[in-house]
Amino acid sequence: AQSVTQLDSQVPVFEEAPVELRCNYSSSVSVYLFWYVQYPNQGLQLLLKYLSGSTLVKGINGFEAEFNKSQTSFHLRKPSVHISDTAEYFCAVSDGYLIQGAQKLVFGQGTRLTINP
Amino acid sequence: EAGVTQFPSHSVIEKGQTVTLRCDPISGHDNLYWYRRVMGKEIKFLLHFVKESKQDESGMPNNRFLAERTGGTYSTLKVQPAELEDSGVYFCASSPQQGRSGANVLTFGAGSRLTVL
């Protein structure tokens, strides 16, 4: 079975500093990988995804992630964070479930990113 | 395009009572999913509909939970009778069928927070 580990439950960062949120997954098959973000009092929003092709994936709001198959990682990075990036971030992997184009996602426990002025 | 809509946003009920959560997916999306996040833990898959048919309900915790999607449009998730451990945030998501734009990516609603006292 698939599993996802987000190594940090909380990450405090100063504004304009770089940040990396770590995500490792376990899988015996090819995977699709996702990062979702949940801003305070809002729902889950797709930040970026890796389905195939280039291992460096760019998403919204200046975030990017790199798929590393040998290390089974999909870390999320941003070179300079803003106060508005304060949110909870979730890494997810598909369960290889592609019936009718569906995806069965397995999520990590989430990383709460706090940006301090 | 309207997003995934969930109602109610927050429900507080007594143990033993019944609650029904509703999800309106994006129009035309055949795939509809329910996920749940119990306090501080990871978001977990509950079940998946393709149109009106239950494709996978392996994540449903027990027979107190009943999901329906009559006519293949909106879906309801009923909890009867509710227990304390059912408290959490219930997310609904939808995705189009394979071959259509946006396939393989889930769009989530804002969630329905359930508190059982």
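Described below are features of the structure shown in this document. (Residues numbered from 1 in each chain as written. Chains lettered and ligands numbered in written order. Predicted model: local features only at pLDDT ≥ 70, side-chain atom pairs only at ≥ 80, totals over all residues. Heavy atoms only, no water.)

**Considerations on the state of the cysteines**
- Applying the stated rule across the entire model yields two disulfides over all chains.
- One disulfide in the model links C23 of chain A with C91 of chain A; its S-S distance is 2.0 Å. The sign of the S-S torsion, about -65°, decides the handedness of the disulfide formed by C23 of chain A and C91 of chain A: left-handed. Note that C23 of chain A is positioned in the loop between β3 (19–21) and β4 (24–26) and C91 of chain A in strand β10 (residues 87–94), a separation of 68 residues in sequence.
- Using a relative accessible area of 0% as the deciding quantity, one classes C23 of chain A as buried.
- Note that C23 of chain B is cross-linked by a disulfide to C92 of chain B, the S-S spacing being 1.9 Å. Across the S-S bond of C23 of chain B and C92 of chain B the torsion is about -65°, and the bridge reads as left-handed. Residue C23 of chain B is found in strand β3 (residues 19–24), and its partner C92 of chain B is found in strand β9 (residues 88–95); the two are separated by 69 residues along the sequence. (Disulfide = S-S within 2.5 Å. Helix = DSSP H or I, 4+ residues; strand = E, 2+ residues; numbered from the N terminus. Buried < 20%, exposed > 50% of the residue type's maximum accessible area, 1.4 Å probe, protein only.)

**Let's talk about the interface of chain A and chain B**
- Taken together, the contact pairs 23 residues of chain A with 25 residues of chain B.
- Across the interface of chain A and chain B, roughly 2,000 Å² is buried in total on both sides, 55% from carbon and sulfur atoms.
- Here chain A and chain B share two salt bridges between them.
- In this assembly, chain A and chain B are joined by seven residue pairs in polar contact (both at pLDDT 80 or more).
- Of all the secondary-structure elements, those providing two or more residues to the side of chain A that touches chain B are β5 (33–38), β6 (44–50), β10 and β11 (105–107) of chain A. (Contact = heavy atoms within 4.5 Å. Buried area = accessible area lost by both parts, 1.4 Å probe. Salt bridge = Lys/Arg side-chain N within 4 Å of Asp/Glu carboxyl O. Polar contact = N/O pair within 3.5 Å; in protein donor to acceptor, adjacent residues only side chain to side chain.)

**Details of the pattern of salt bridges**
All names here are of chain A.
- Enumeration according to the criterion identifies 14 salt bridges over all chains in this entry.
- A salt bridge links K58 to E64; the nearest nitrogen and oxygen atoms lie 2.8 Å apart.
- Classification of K58 by relative accessible area gives exposed; the value is 61%.
- With relative accessibility at 22%, the residue E64 sits in the partly exposed group.

**Considering the sheet that holds strand β8 (residues 75–79) of chain B**
All names here are of chain B.
- Ordered by their spatial adjacency, four strands build an open sheet running β1-β3-β8-β7, and the pairing between neighbours is antiparallel. Each edge of the sheet is formed by a strand with only one pairing partner; in this case those strands are β1 (5–7) and β7 (65–68). Taking each pair of neighbouring strands and ignoring which way they run, the sheet shows an average axis angle of 15°.
- Taken together, the five bridges between β3 and β8 define a ladder with antiparallel strand orientation. Note on β8: the bridge partner recorded for R22 is T76. (Pairing = 2+ DSSP bridges. Axes fitted to C-alpha atoms, helices over the stretch in contact; angles between N-to-C directions.)

Distances and angles like these do not, on their own, reveal function.
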